[in-house]
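Observations on chain architecture
Here is how the chains run, residue by residue.
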Amino acid sequence: MKQIEIKTLIRECSFEELNDDDKILVSKAKEATRGAYAPYSHYQVGAALLLHNGEIVTGSNQENAAYPSGTCAERTAVFYASASNPGIPVKKLAVAAWTPPEEGKSWEDGFQADPVSPCGGCRQALMEYEHLYGPIEVFLYGRKRIYILPSVSTLLPFSFTEF
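Every value quoted in this text rests on a predicted model; they were computed, and no experiment measured them.

Topic: the overall build of the protein
Regarding its fold elements, the protein presents 3 helices and 6 strands. For the protein, the C-alpha radius of gyration of 16 Å lies close to 15 Å, the compact-globule estimate for 163 residues. With the C-alpha coordinates aligned to their principal axes, the bounding extent of the protein is approximately 55 × 40 × 35 Å. When contacts within the protein are restricted to residue pairs at least 6 apart in sequence, those whose partners lie at least 24 apart make up 64%.

Here you go:
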């Protein structure tokens, strides 16, 4: 029997350690949480994509009482990016999640302390765009730390690749 080890390189940093362009991308993901429609979970997710043409496209989760009719922030963003910018590859993705903070706390305090990661369906959808166009660098935001991954494939090592 052969044993295979899978390792994932994850860089960790604070918001202040990001370069200016990456700060803008992460800030856009945080801002996108405001557009979420999350009356059931109260878990508002925002995603921001940097396209190779320099445009930033955002999306937020959109829930619906007829589960699973809602859409995650990451898929909202990538589908909109593909529809509005056909053939333009995604270069980077940032994801942030927010829940209403305790009374008297700031809007910033509502962001998750630790980084959040896309669900399996979003990972597969993003992986297909990565398969078409090349690596998408991933920024997972948390108040305490940000994880930076070199590609979506590091989030989903066993994806469907035969389309």
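A word on the nonpolar core
Among the nonpolar cores identified, the biggest contains 24 residues, and Leu49, Leu93 and Val138 are the most heavily contacted of them. Sequence-distant contacts of Val138, defined by excluding residues within four places in its chain, comprise Leu93, Tyr147, Ile148, Leu149, Ser151, Val152 and Leu155.

Examining the pattern of salt bridges
Summed over all chains, the structure comprises 8 salt bridges. A salt bridge links Glu31 to Arg34, with the shortest nitrogen-to-oxygen separation between them at 3.3 Å. Taking relative accessible area as the criterion, Arg34 reaches 48% and is therefore assigned partly exposed. When the shortest N-O distance is used, the salt bridge between Asp114 and Arg145 registers 2.1 Å. Here Asp114 is found in the loop between β4 (90–98) and α3 (120–133), whereas its partner Arg145 is found in the loop between β5 (137–141) and β6 (146–149), with 31 residues between them in sequence. In this structure Asp114 comes out as partly exposed when scored by relative accessible area, which is 38%. Three or more residues joined by partner-sharing salt bridges are found here, namely Arg11, Asp22, Lys92 and Glu137.

Structural notes on the state of the cysteines
Following the criterion strictly, the structure yields 0 disulfides and no others. You can see Cys72 has no disulfide; the closest cysteine sulfur is in Cys122, sitting 3.7 Å from it. A residue is classified by how much of its surface remains accessible, and Cys72, at 23% relative accessible area, is partly exposed. Distance from the sulfur of Cys119, which forms no disulfide, to the nearest cysteine sulfur (Cys122) is 3.7 Å.

Reading the values: rules and limits
Residues numbered from 1 in each chain as written. Predicted model: local features only at pLDDT ≥ 70, side-chain atom pairs only at ≥ 80, totals over all residues. Heavy atoms only, no water. Helix = DSSP H or I, 4+ residues; strand = E, 2+ residues; numbered from the N terminus. Rg over C-alpha atoms; globule rule 2.2 N^0.38 Å. Contact = heavy atoms within 4.5 Å. Core = buried A, V, L, I, M, F, W, Y, C linked by side-chain atoms within 4.5 Å. Buried < 20%, exposed > 50% of the residue type's maximum accessible area, 1.4 Å probe, protein only. Salt bridge = Lys/Arg side-chain N within 4 Å of Asp/Glu carboxyl O. Disulfide = S-S within 2.5 Å.

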